[in-house]
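Structural overview
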Amino acid sequence: EAIAAPSLNFFQDSWRRLKKNKGAMISLFFVILIIILTLLAPVLSPHSPFAQNPAQANLPPKIPGLEGWSWFNGQARNRGGVLFDAYEQAQVPAGTYYYLGTDGLGRDLLSRILYGTRISLLVACVAVVINVVLGLTYGLISGWSGGKVDTFMQRVLEVISGVPNLVIVVLMLLVLEPGLLSIIITISLTSWISMSRVVRAQTLRIKQQEYVLAAQVLGQSTFKIMTRHILPNMLGIIVVQMMFAIPSAIFFEAFLSFIGIGIPAPNASLGTLLNDGYKTFRFLPHLMWYPAVTISLIMLSFNLLADGLRDAFDPKMKE
């Protein structure tokens, strides 16, 4: 009898299951959209994110065609609660719009959000790549070696994980200047531990399988066994851990920038935008709402996509 359906490999079968998860597919769409917007930030930004114009500071959002909406008509309230045209008062030239308003220095908020999201994603992705390399190598060596080597390596992990992340950040700032490099190094030094523990647990389980024992009997080297037999069988779990690590790194970077030890001015990340916006939230709520919605959407999309990938790679997780 002929086989009716074509045979599928692991990733094709996982993609078939992932497409059935509507929440994960919507999250995947938003993740791709956010990445495209950040990559095209220099083209899509209507204004320079660094150009200051104090005469046009703290303008409310104004979008052409949506002036009928109170949120996007460029009007604000004075201290007496009376509405007035903020663009006319600031003598903004006709045809000039700030779709999400301006900050206290007259910089376009939309442009700064695009560039800030770009920096946050760059920090997270570079840190996650470093985490995968460190955690994967450490976990494979620890799980494959076993015995005293494994015990010693796990005690080292416990010592490292016992040091608070904020303490490591402060120590790094004593050595390096605040900026992208110091944040990437800090996140990389602290967040690879969970990856190494997951890889170690999977290595301990897989190395007991018959095909690994058969490869050892046939005389394959340890490196080939790790790369051809152990690593491919845990690839799905590694991808899921990476997807969970990206929003964690973004949130940690935003936290550092929010407390003032992150990205230095004039550059901006989502954390610095939140830090600037919460100070005037009662009077200019749009300065905080839009960065907050952006980071919430990023966190939610990556987490839901990671949940969907976990279920797609391992269907037994749903049972």
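For the structure, see preceding data.
Now for a description of the structure that goes with this document. (Residues numbered from 1 in each chain as written. Predicted model: local features only at pLDDT ≥ 70, side-chain atom pairs only at ≥ 80, totals over all residues. Heavy atoms only, no water.)

Looking now at the overall build of the protein chain. Of the regular secondary structure elements, the protein chain holds 14 helices and two strands. Relative to a compact globule of 319 residues, whose C-alpha radius of gyration would be 20 Å, the protein chain shows 25 Å and is clearly more extended. Each principal axis of the C-alpha distribution contributes one length, and for the protein chain these read about 80 × 65 × 30 Å. The proportion of buried residues among the 319 residues of the protein chain is 40%. Taking the contacts inside the protein chain whose residues are at least 6 apart along the sequence as the reference set, 72% of them involve residues at least 24 apart. Entry remark: accessible area of the protein chain is about 17800 Å², with carbon and sulfur atoms responsible for 66%. Taken together, the 24 basic and 17 acidic charged side chains of the protein chain have centroids lying 5 Å from each other. (Helix = DSSP H or I, 4+ residues; strand = E, 2+ residues; numbered from the N terminus. Rg over C-alpha atoms; globule rule 2.2 N^0.38 Å. Buried < 20%, exposed > 50% of the residue type's maximum accessible area, 1.4 Å probe, protein only. Contact = heavy atoms within 4.5 Å. Areas by Shrake-Rupley, 256 points an atom, 1.4 Å probe, with all protein chains shown as cover. Lys, Arg positive; Asp, Glu negative; His and termini not counted. Charge placed at Lys NZ, Arg CZ, Asp CG, Glu CD.)

Moving on: the environment of Pro60. If you trace the backbone, Pro60 turns up in the loop between helix 3 (41-44) and strand 1 (75-77). As for Pro60 and Asp103, which are separated by 43 residues in sequence, their C-alpha atoms are 9.1 Å apart.

Before going further, it helps to spend a moment on the packing of aromatic side chains. One pair of aromatic rings is described through two measures. These are the centre distance and the angle between the planes. Under the defined criterion, the tally for this structure stands at three aromatic pairs. Plain terms: the ring middles of Phe29 and Phe30 are 5.6 Å apart, the flat faces sit at 70° to each other, and that makes the pair edge-to-face. Residues Tyr138 and Trp192 carry aromatic rings whose centres are separated by 5.2 Å and whose planes lie at 65° to one another, so their mutual orientation is edge-to-face. Note that Tyr138 is positioned in helix 5 (residues 109-145) and Trp192 in the loop between helix 8 (180-191) and helix 9 (193-206), a separation of 54 residues in sequence. For the residue pair Tyr138 and Trp192, the accessibility class agrees, reading buried in each case. (Phe/Tyr/Trp six-rings, centres within 6.5 Å; stacked < 30°, edge-to-face > 60°.)

What follows is about the environment of Ser161. Turning to its location among the elements, Ser161 is positioned in helix 6 (residues 147-161). A C-alpha to C-alpha distance of 10.0 Å links Ser161 and Trp192, two positions 31 residues apart in sequence. In contact with Ser161, not counting residues within four places along its chain, are Ile193 and Arg197. Here Glu158 takes part through its backbone oxygen, which lies 3.1 Å from a polar atom of the side chain of Ser161. (Polar contact = N/O pair within 3.5 Å; in protein donor to acceptor, adjacent residues only side chain to side chain.)

With that settled, consider a nonpolar patch on the surface. A cluster of nonpolar side chains, Val163, Leu166, Val167, Val170, Leu171, Leu174, Val175, Phe255, Phe258, Ile259 and Tyr278, forms an exposed patch at the surface whose accessible area comes to about 990 Å². Those elements giving two or more residues to the nonpolar patch turn out to be helix 7 (165-175) and helix 12 (235-258). Counting residues per element, the nonpolar patch draws most heavily on helix 7, which supplies six residues. Position of Val175 relative to the elements: it lies in helix 7. (Patch = residues over 30% accessible without salt bridge, like charges linked within 9 Å, V, L, I, M, F, W, Y side chains within 5 Å. Salt bridge = Lys/Arg side-chain N within 4 Å of Asp/Glu carboxyl O.)

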